[in-house]
Amino acid sequence: MLKIPLGMWLMLEPKGKNMDTQKKLVPGPLLDQKGCLNEYGYAFSLVKDYRRNDIRGHKTRIKEWDYYYVGDDAYGVALTVADNSYMSLASVSILDFKNRRYWTKSYMGAFTFGSLALPSSSMDGDVVFKGNKFSMKFINKKGHRHLICSMNNVATKNNFQCDIELETTSPNSIVIVTPFKNKRHFYYNQKINLLKVRGAFSFGPIKHQFTSQSYGVLDWGRGVWPYSNTWYWASMSGEYQKHRIGFNLGYGFGLNDLATENVLFVDDKVYKLNDVNFLIPQTEKGKDNFMSEWKIVSKSGDIDLIFQPILNRHDAMNALVLSSNQNQVFGYFSGTIVANGKKYSFENMLGFAEKVKNRW
C-alpha cells in the first residue's frame, strides 16, 4: 500500500493545468425545437431544463434512471429504477464487504416508454415504482431524499427492506451534457456525492444500521443513447482526517472533449479536473483482471490513485440483440489528487470503479 503523508493538505506547484478551461453550461432549455442540444459542457448544479416531450430522437433510444449507492465500511446498498423505453428496471444489490459477497435481484418489464414518469429534475419529485414482488420509493422534497424500498426473494427466500434518509452536505455536484455522433442523441447526467446517510436495511438475517460515517451518491441520468457504448466510472464519498472528501471520475462515451465529469469534492468546495484513465490490469489472454490492483491516473499527473479491489459486482445479460456486461468493483482508494494548487492525499477510502459495456 502507498505511504501517504499524514497531512491531507500540501501546498505545491501543480504538475499540470487543472484550471477551469472546459466549457461551462449556462442556464436554459436542454434541447432546441429540433430535439438537438442547445450546448454541451459541465456545471456544478442542474442548470439545464430537461423535458422528455422535447426529445425528437427515436423513442426506443430514450434512457432515464435514478441510481443510489449508500454504504459504510461494512455494507453497501445499491438501488436502481430505470425506464429505458422498451424496458423498465427495478434493481437491488446488497454488498457485504467484510465477507466479500453480494446479492443482486432485478425485475424487468416491457415497453414502458416513459410511463414510470421519472421526474424531469433531480432536485424535486418522487420516483414510485411498484410490482407484485417489489416496491421502490425515492421520495424527494426539495433535495431531502427518503428511500423506502422492499423486494422479495432477493436470494434464497430472503427479503430486502430499507428505510434510508439522505442529507445533502455539499452545495456542489457535477453535471455534464454530452453529445453523440447523432445530433439527437445526448446524455444529461448529474452525480451528487457526499450524501450523508441515516437509516437501516434488513436482508434475511442481516439487519444493519448505517454508521455516522456512512455516505452515498446519486447517479441521475436522462438521455437518448446510441445502441452500443462502453463507459468507465469511479466514485468515492467519505471522511478523512475530519474532512468530507469525495470524487467523481469517468469517461468512455460520447464526443464531449470540452468537458469531463471529473471533479474532486472537499467539504463545501468542488474542483474541476481534466482527463483520467483507468489502467485495469490484463490477464495473459488480454482480458480485464478486475480483482488485481488498478491505477487511475491523468496525463498531467494531477490524478495519481491506486485502487485495491475487494469485491466485483458482476452482472451480465445477453438476450438476442440486447446485452450488458457490468463490472462494478468495490475496493479501497489511496493516492493523491492535485487541485487548485493543493495536493490532497488520502488512504484506504472505500469506493467503487466500474467498466460497463452495453448493447441496448
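Visitor: I'm lost on empty space enclosed by the protein in this one. Help?
Guide: Where empty space is left becomes clear once a probe the size of a water molecule has been rolled over the atoms. Throughout the structure, instances matching the rule amount to one cavity of 30 Å³ or more. What the largest cavity holds in volume is close to 60 Å³. Contributing to the lining of the largest cavity are Asp66, Tyr68, Pro119, Ser121, Ser122, Gly125, Val127, Phe138, Asn140, Arg145, Leu218 and Trp220. Contributing elements (two or more residues each) for the lining of the largest cavity: strand 5 (62-71), strand 10 (134-141) and strand 16 (215-224). Of the residues that constitute the lining of the largest cavity, the class distribution is six nonpolar, four polar and two charged.

Visitor: What should I look at first to understand the pairing of strand 9 (residues 127-130) in this one?
Guide: Every regular strand shows the same layout, with side chains that alternate between the two sheet faces. Across the two faces of strand 9 the burial differs, with Val127 and Phe129 buried and Val128 and Lys130 not buried at all. Taken together, strand 9 and the strand that follows it, strand 10, pair antiparallel across an intervening segment of three residues.

Visitor: Quick question: what am I supposed to make of the packing of aromatic side chains here?
Guide: For any two aromatic rings, the description comes down to two numbers: the centre-to-centre distance and the angle of the planes. For the structure shown, the criterion picks out 37 aromatic pairs. Aromatic side chains Tyr75 and Phe201 sit 5.7 Å apart centroid to centroid with 75° between the ring planes, which places their arrangement in the edge-to-face category. Residue Tyr75 is found in strand 6 (residues 75-83), and its partner Phe201 is found in strand 14 (residues 186-203); the two are separated by 126 residues along the sequence. You can call Tyr75 buried: its relative accessible area is 16%. For the ring pair Phe180 and Trp225, a centre distance of 5.3 Å and an interplane angle of 50° mean the geometry is tilted. Of this pair, Phe180 sits in the loop between strand 13 (174-179) and strand 14 while Trp225 sits in the loop between strand 16 and strand 17 (228-240), and the two are 45 residues apart along the sequence. Members of the aromatic cluster, each reached through a chain of ring pairs, are Tyr232, Phe247, Tyr251, Phe278, Phe290, Trp294, Phe307, Phe333 and Phe346. When the ring centre of Trp360 is taken as origin, the NZ or CZ atom of Lys63, which lies over that ring, is 4.8 Å away. Directly above the ring of Tyr42 sits Lys272, whose terminal nitrogen or CZ lies 5.0 Å from the centroid.

What counts, and at which threshold
Residues numbered from 1 in each chain as written. Predicted model: local features only at pLDDT ≥ 70, side-chain atom pairs only at ≥ 80, totals over all residues. Heavy atoms only, no water. 1 Å grid on protein atoms, 1.4 Å probe; cavity = no way out; pocket = protein on both sides within 12 Å on 5 of 7 lines; lining within 4 Å. Points joined across faces, edges and corners; volume = space filled by probe spheres on them. Helix = DSSP H or I, 4+ residues; strand = E, 2+ residues; numbered from the N terminus. Nonpolar A, V, L, I, M, F, W, Y, C, P; charged D, E, K, R; others polar. Buried < 20%, exposed > 50% of the residue type's maximum accessible area, 1.4 Å probe, protein only. Pairing = 2+ DSSP bridges. Phe/Tyr/Trp six-rings, centres within 6.5 Å; stacked < 30°, edge-to-face > 60°. Lys NZ or Arg CZ within 6 Å of the ring centre and 35° of its normal.

Honestly, that's just the spatial picture; any functional story needs more than this.
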